[in-house]
Amino acid sequence: MDLPLLVLLLPLCCVSGLPFYNGFYYSNSPNGWNAGKGHGEGIFNGVKLVVETPEEILFSYRGANVTLPCRYHYEPALVSPRPVRIKWWKLSENGAPEQDVLVAIGLRHRAFGDYRGRVHLWQEREREVSLEIRDLRLEDYGRYRCEVIDGLEDESGLVELELRGVVFPYQHPQGRYQFNFHEAQWACEEQDAVVASFEQLFRAWEEGLDWCNAGWLQDASVQYPITQARHPCGGLGLAPGVRSYGPRHRRLHRYDVFCFAAALRGEVYYLEHPEKLTLAEAKEACQEDDAQIAKVGQLFAAWKFHGLDRCDAGWLADGSARYPVAHARHNCGSLEPGVRSFGFPDPHSRKYGVYCYRPR
C-alpha cells in the first residue's frame, strides 16, 4: 500500500462532488505500464483510454521552470466527462527508490518530498494533466511517469527530462584513483555537481571529451571516454569510444569520478586584485566582493555556457588552481578549448589569483 497516497485518498471518499473511492488502491504495477515512451492505451467497455506523452527528451536548465507534457483521451470520444485520478512519479534510477511527485483527484492534489511547493498540475486544455516543475534542481533530471486512472483501468506515459550541463573528470587532491563510490558522490556534490550518468558521459564523448583515467558513473560502473586511441589508453588496436570496466564494488574499489554540473544562474569571474593570493586570502577576497570562492563545477559551467575565457590561473574552493580557455591561443596552454589545471598547489603559495562566484 502506498501510504502517502492512501492518506490523501481516504478523507476524500465522503466529499461531495469528488470521485467515488472504494478503498482499493490500484498499484502502479509494471504489468499495467506502457514500457516505452509515447502513449499507452487500455480498453474498457469498448472504449480505449489513451495517454500521450512526448517521445523526445526534454532539455532544460537548473533554476528554470519546465512543463512535462501529458494528455489523455478516449477512443471513441466520450461526450460526458469522467472522473479520473492522476499520479506523477519519478522512476527508479541506478538503485535509487521511486519518488512520488504528485497525485490528484478532481480539484484536490498533493505533492511529495522535495517537490512540495515546486510542482503543480498544468491543465490549460481539456484532459491535459501536464506536470510543471519550478526551480529545477540538479537531482530533478530523470524519467517521470504520468498515470491516468479511470475506475479499474489505468494507463501511463513516460517523459524524460535532462538538464543542460557539462561533464568533467575529477581527481582526489592526493592523486588518481583515490575515491570509492560513496566518496566520489560526496566529491561531486562538494563541487556543485552530481556523479554523471552514462548517457551524460556518452554525450560528452560525442562532443569531444577525451580522458584516459577511469572514473565512477552514477550506476557504480567505471568507464572512460577516448576520442584518440593511443598506447597508454587501451592501445592503438581499440576504436575510439567509451571504455568500460563494468560495475565495481562501491566500497572497496577506488577510481576517479566523472561529475556533471548544470548550467548556472549566477556569475563566475576572475577577481581583479593588485597581488597574488594564498588560498585563505583568496576566499576572503571573494567574500569582501560580496561573493564566494568558485567551485570546480561552477567554473566548468561558466566556461561551457557563458564562454568564460581567462588565461590567469586562480584558486578554487577545493584548493585547486585552474583557468578556463574558451578560445585557444598560444601562450595559454594547449591549443584546445578547456579548463586547464595546475593541480592542488601549496595553499600558502602566492602564485595565483582567484575565481569568485556570485549567485543571482
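Residues numbered from 1 in each chain as written. Predicted model: local features only at pLDDT ≥ 70, side-chain atom pairs only at ≥ 80, totals over all residues. Heavy atoms only, no water.

The chain has the name Hyaluronan and proteoglycan link protein 3 in an unreviewed UniProt entry, where Balaenoptera acutorostrata is given as its organism. Reading the Sequence similarities (unreviewed entry) entry of the UniProt record for the chain gives the comment "Belongs to the HAPLN family." Within the UniProt record for the chain, the comment given under Subcellular location (unreviewed entry) is "Secreted, Extracellular space, Extracellular matrix". (UniProt positions renumbered as here; feature names shortened; annotations may be inferred.)

Thoughts on the layout of surface pockets
Considering only enclosed or pocket space, the largest pocket measures out at about 950 Å³ in volume. Taken together, 36 residues make up the lining of the largest pocket; nearest its centre are Val 167, Pro 169, Leu 209, Phe 300 and Trp 303. Elements with a contribution of two residues or more to the lining of the largest pocket: strand 12 (153–163), strand 13 (165–170), helix 3 (198–206), helix 5 (296–306) and strand 23 (338–341). With 6 residues, strand 13 is the single largest residue contributor to the lining of the largest pocket. Considering only residue class, the lining of the largest pocket consists of 18 nonpolar, 9 polar and 9 charged. (1 Å grid on protein atoms, 1.4 Å probe; cavity = no way out; pocket = protein on both sides within 12 Å on 5 of 7 lines; lining within 4 Å. Points joined across faces, edges and corners; volume = space filled by probe spheres on them. Helix = DSSP H or I, 4+ residues; strand = E, 2+ residues; numbered from the N terminus. Nonpolar A, V, L, I, M, F, W, Y, C, P; charged D, E, K, R; others polar.)

Digging into the state of the cysteines
The full count for this structure, using the stated rule, is 5 disulfides. One disulfide bridge connects Cys 70 with Cys 146, the sulfur atoms lying 2.1 Å from each other. A torsion of -75° about the S-S bond marks the disulfide between Cys 70 and Cys 146 as left-handed. Highlighted residues: Cys 70 in the loop between strand 4 (66–68) and strand 5 (71–75) and Cys 146 in strand 11 (residues 142–150), separated in sequence by 76 residues. (Disulfide = S-S within 2.5 Å.)

Looking at the packing of aromatic side chains
To describe a pair of aromatic rings, one takes the distance between the centres and the angle between the planes. Following the criterion strictly, the structure yields 18 aromatic pairs and no others. Relative to Phe 300, the ring of Phe 168 has its centre 4.7 Å away and its plane inclined at 10°; by these criteria the two rings are stacked. With a gap of 132 residues between them, Phe 168 in strand 13 and Phe 300 in helix 5 connect regions that are remote in the sequence. Since its relative accessible area comes to 0%, Phe 168 is described here as buried. (Phe/Tyr/Trp six-rings, centres within 6.5 Å; stacked < 30°, edge-to-face > 60°. Buried < 20%, exposed > 50% of the residue type's maximum accessible area, 1.4 Å probe, protein only.)

Notes on the pattern of salt bridges
Here the structure, examined in full by the defined rule, presents 18 salt bridges. A salt bridge links Arg 118 to Asp 140; its shortest N-O distance comes to 2.9 Å. On the criterion of sequence distance, the pair formed by Arg 118 in the loop between strand 8 (108–111) and strand 9 (119–122) and Asp 140 in the loop between strand 10 (130–133) and strand 11 is long-range, its members being 22 residues apart. You can call Asp 140 buried: its relative accessible area is 1%. (Salt bridge = Lys/Arg side-chain N within 4 Å of Asp/Glu carboxyl O.)

Section: the sheet that holds strand 11
The strand order across the open sheet formed by 6 strands is 3-12-11-6-7-8, and the pairing between neighbours is mixed. Because the sheet does not close on itself, it has two edges, and the strands there are strand 3 (58–60) and strand 8. Each neighbouring strand pair of the sheet contributes to a mean axis angle of 20°, computed without reference to strand direction. Inspection of the sheet shows strand 7 (residues 99–105) paired to strand 8 by 4 bridges, in the antiparallel sense. Opposite Val 103, over in strand 8, you have Arg 110 as the bridge partner. (Pairing = 2+ DSSP bridges. Axes fitted to C-alpha atoms, helices over the stretch in contact; angles between N-to-C directions.)

Regarding helix 4 (residues 279–288)
Listing the buried residues of helix 4 in full gives Leu 279, Ala 282, Ala 285 and Cys 286. Along the axis of helix 4, the buried positions cluster into a sector of 115°, meaning they face one direction only. Helix 4 presents Ala 280, Gln 287 and Glu 288 as exposed residues on the side facing more than 90 degrees away from its buried surface. Looking at the buried positions of helix 4, the neighbouring elements they touch are strand 20 (292–293), strand 21 (314–315) and strand 24 (353–358). (Arc of directions from axis to C-beta. Contact = heavy atoms within 4.5 Å.)

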